[in-house]
Amino acid sequence: MLGHLSSRCSARLPLLAAAAFFSNNLSFLSPSAISSVPSSPLPRPSTPLCPPANGGRSPLLLRRGLAGDIGGGSSAARLMESLVGGRDQAMESPVAVAGSSQEVQLKLEELNWDHSFVRELPGDPRTDAIPREVLHACYSKVSPSAEVGKPELVAWSASVAKLLDLDPREFERPDFPLIFSGALPLKGGLPYAQCYGGHQFGVWAGQLGDGRAITLGELLNSRGERWELQLKGAGTTPYSRFADGLAVLRSSIREFLCSEAMNGLGIPTTRALCLVTTGKYVTRDMFYDGNPKEEPGAIICRVAQSFLRFGTYQIHAFRGNENLDIIRALSDYAIHHHFPHLEKMSKSNDISFEVSQEGSSAVDLTSNKYAAWSVDVAERTASLVAGWQGVGFTHGVLNTDNMSVLGLTIDYGPFGFLDAFDPSYTPNTTDLPGRRYSFANQPDIGLWNIAQFTATLSAAHLISKEEANYAMERYGIKFMDEYQSVMTRKLGLSKYNKQLINKLLNNMAVDKVDYTNFFRLLSNIKSDPKIPKDELLVPLKAVLLDIGKERKEAWTRWVQTYIEELVASGIPDEQRKVAMDSINPKYILRNYLCQSAIDAAELGDYGEVHRLLKLVEHPYDEEPGMEKYARLPPAWAYRPGVCMLSCSS
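Please read these numbers as outputs of a predicted model, since none were measured by experiment.

K.L.:
So what exactly am I meant to see when it comes to the packing of helix 19 (residues 591-601) against helix 20 (residues 607-616) here?
P.N.:
In helix packing, the relevant descriptors are the interaxial angle and the interaxial distance, both defined with respect to the helix axes. Relative orientation of the contacting elements helix 19 and helix 20 amounts to 150°, with a least axis distance of 7 Å. In this view, helix 19 runs roughly antiparallel relative to helix 20, as classed from their interaxial angle. For the pair helix 19 and helix 20, contact is made by L593, C594, S596, A597 and A601 and by E608, V609 and L612, respectively.

See below:
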């Protein structure tokens, strides 16, 4: 159980519920919703979740510029400055880096490797790939072993190559597909598979690990940034269990494109350097219905500053006290390499918070770097989920082994973007019975997963129960702030209007309105209260399809109220449209677009993959001539295997 919520905290959580609320029949982060989710067998924090005494904002995060009041009556000029400037800091991907005066372009043999994970953490003494329990270790050294015929480069990302200082001409090398299919070693690399566990659909699943992903190593670029390169589908590892360690072209195209699409949207994400076919076929039963088929094999090279997961820490807590020192080592590693600001904190009375209404004791986050780190991870996760909700993204498999401690979107399986607005949408057929990972449930699941993460740190005696509860409270506050900010900007308003937004989302759910296209068209509404009533819905006619008289009247009333808000904001229509179009994408990676690219690629035509990649890199631009990619899904897009997929790939 996640603990009972105090009366003080219950006043905060309904605000969070309202911020993420998509219909009056759904609630998020409510005490009943939290307590109904299966809990971890690890010790659970028992202190009530209470806001900090300083009014609900952590000065630690204020110092980093991540917390602050949202929609509190800021001036129109200030709003426009923040909107036109692009997505806010919390929405930016960590891969956005400043350019250098002299661009470095290296050959593969010249990359600057620095294998800190292997160097600083305990490893498996064995080097074979036989599936087994790997104890007292964070990784197993293992080399790619996927059978390769004549591998072929399908696509690559120029922006990711730039992150790595990789010369784009390297993609033209005849041996490039061989290297990135694992058939040839990458000079300087030190391949390994990571050990981790996780809760899958709320149930502890034990050891999982990189069953088909093999990290080639870590490199440092010319800006001092650490990047990890990982091949997914490169063969078996000790963590493969009964699987073959391989991947197919279908799922690899989806992950490649969505990694880059999320980056284009400004959502923190792992990236994709390249995608190659193996020249071999892989057997897959996509629907688990006893009808397997042969599919082209493929391998994607994923890139991230780290692939550390919540489950990376959990596995050692579940293995007993003798493994708790590994949790500390892993935590020290993450803080040193990826959260270095936490090692430089100084004592400050401003960062203390009261742990209870009655008590006089206080906790200073600067006195415990692990507590500060747990808050940072919680807030990054909250910002990430708020970003997903803003663009209508549903991950589909939010198990704790699929949660990044860096707050990145990781492991693209049966994901999906909303077409018709449906809060209960899940793209995962495995999730259908309970819809645990539906779009509406993502904020709740984010908190549940944070609870498992903080329980692990508590079990290792790195943070107290009070500090664990504070991290969870910060998740709720951060999500509320971020989500309110996102929705306020999507509507081009100067301040958050709960009633207006809730009514809008209810209307969209009733009439199954396309989520992306509606918000893109909304910027065309003029702040003119004199517009005739029968013309109010004209800018939205392309998305308000087949609605009767009663529903038309409901939408007309909403638009009238919306225009009143626009008039009150005082923002010129032209300025507001530019701002709204900078946060409401014109293009998203709809599942049917992915499928069209997959169908062509399986026949050897990679042109559609290239066109989609170019499109999703700039989703907020109009892109003349590409308008067909913003169309509503055709009828065939709703067949199984397109709108919904299983975890199998």
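K.L.:
Where do I start with the pattern of salt bridges in this structure?
P.N.:
Note on pairing: side chains with opposite charge can pair once their charged atoms come close. Under the counting rule described, the total for this entry stands at 35 salt bridges. Salt bridges here are not isolated pairs; linked through shared partners, they connect D114, R119, E120, E218 and R226.

K.L.:
So what exactly am I meant to see when it comes to the environment of I445 here?
P.N.:
Take I445: it is sitting in helix 13 (residues 442-459). On the basis of relative accessible area, I445 is assigned to the buried category, the value being 4%.

K.L.:
Explain the nonpolar core to me, please; I cannot follow it from the model alone.
P.N.:
Across soluble globular proteins, nonpolar side chains have a tendency to be buried as a group. Core analysis: the largest hydrophobic core is formed by 131 residues, its most contacted members being W373, L491, M508, F518, L522, Y562 and L589. No other element matches helix 12 (residues 369-391), which puts 13 residues into this core. Ignoring any residue separated from it by four or fewer positions in sequence, one finds L491 in contact with L500, I501, L504, F519, L522, W558, Y562, L566 and M580. Among the nonpolar cores identified, the runner-up in size contains 34 residues, and L106, L108, V160 and L163 belong to it.

K.L.:
Just to check I follow, could you spell out the packing of aromatic side chains for this structure?
P.N.:
What characterises a pair of aromatic rings is the spacing of the ring centres plus the angle enclosed by the ring planes. All chains considered together, the criterion is met by 30 aromatic pairs. Measuring from ring centre to ring centre gives 6.3 Å for F393 and Y412, while their planes differ by 70°; the resulting arrangement is edge-to-face. Taken together, the residues span a long stretch of sequence, with F393 in strand 12 (residues 393-394) and Y412 in the loop between strand 12 and strand 13 (416-417) at a distance of 19 residues. Relative to Y515, the ring of F439 lies with its centre 6.4 Å away and its plane at 65°, an arrangement referred to as edge-to-face. Of this pair, F439 sits in the loop between strand 13 and helix 13 while Y515 sits in helix 16 (residues 515-522); the two residues are 76 residues apart in sequence, bridging distant segments of the chain. One aromatic cluster is present, built from ring pairs that chain together F421, F439, Y515, F518, F519, W555, W558 and Y562. Lying over the aromatic face of F415, R254 brings its terminal NZ or CZ to 4.0 Å of the ring centre. Geometry around F519 places K490 over its ring, the cationic atom sitting 4.5 Å from the centre.

What counts as what
- Residues numbered from 1 in each chain as written.
- Predicted model: local features only at pLDDT ≥ 70, side-chain atom pairs only at ≥ 80, totals over all residues.
- Heavy atoms only, no water.
- Axes fitted to C-alpha atoms, helices over the stretch in contact; angles between N-to-C directions.
- Helix = DSSP H or I, 4+ residues; strand = E, 2+ residues; numbered from the N terminus.
- Parallel < 35°, antiparallel > 145°, perpendicular 65-115°, else oblique.
- Contact = heavy atoms within 4.5 Å.
- Salt bridge = Lys/Arg side-chain N within 4 Å of Asp/Glu carboxyl O.
- Buried < 20%, exposed > 50% of the residue type's maximum accessible area, 1.4 Å probe, protein only.
- Core = buried A, V, L, I, M, F, W, Y, C linked by side-chain atoms within 4.5 Å.
- Phe/Tyr/Trp six-rings, centres within 6.5 Å; stacked < 30°, edge-to-face > 60°.
- Lys NZ or Arg CZ within 6 Å of the ring centre and 35° of its normal.

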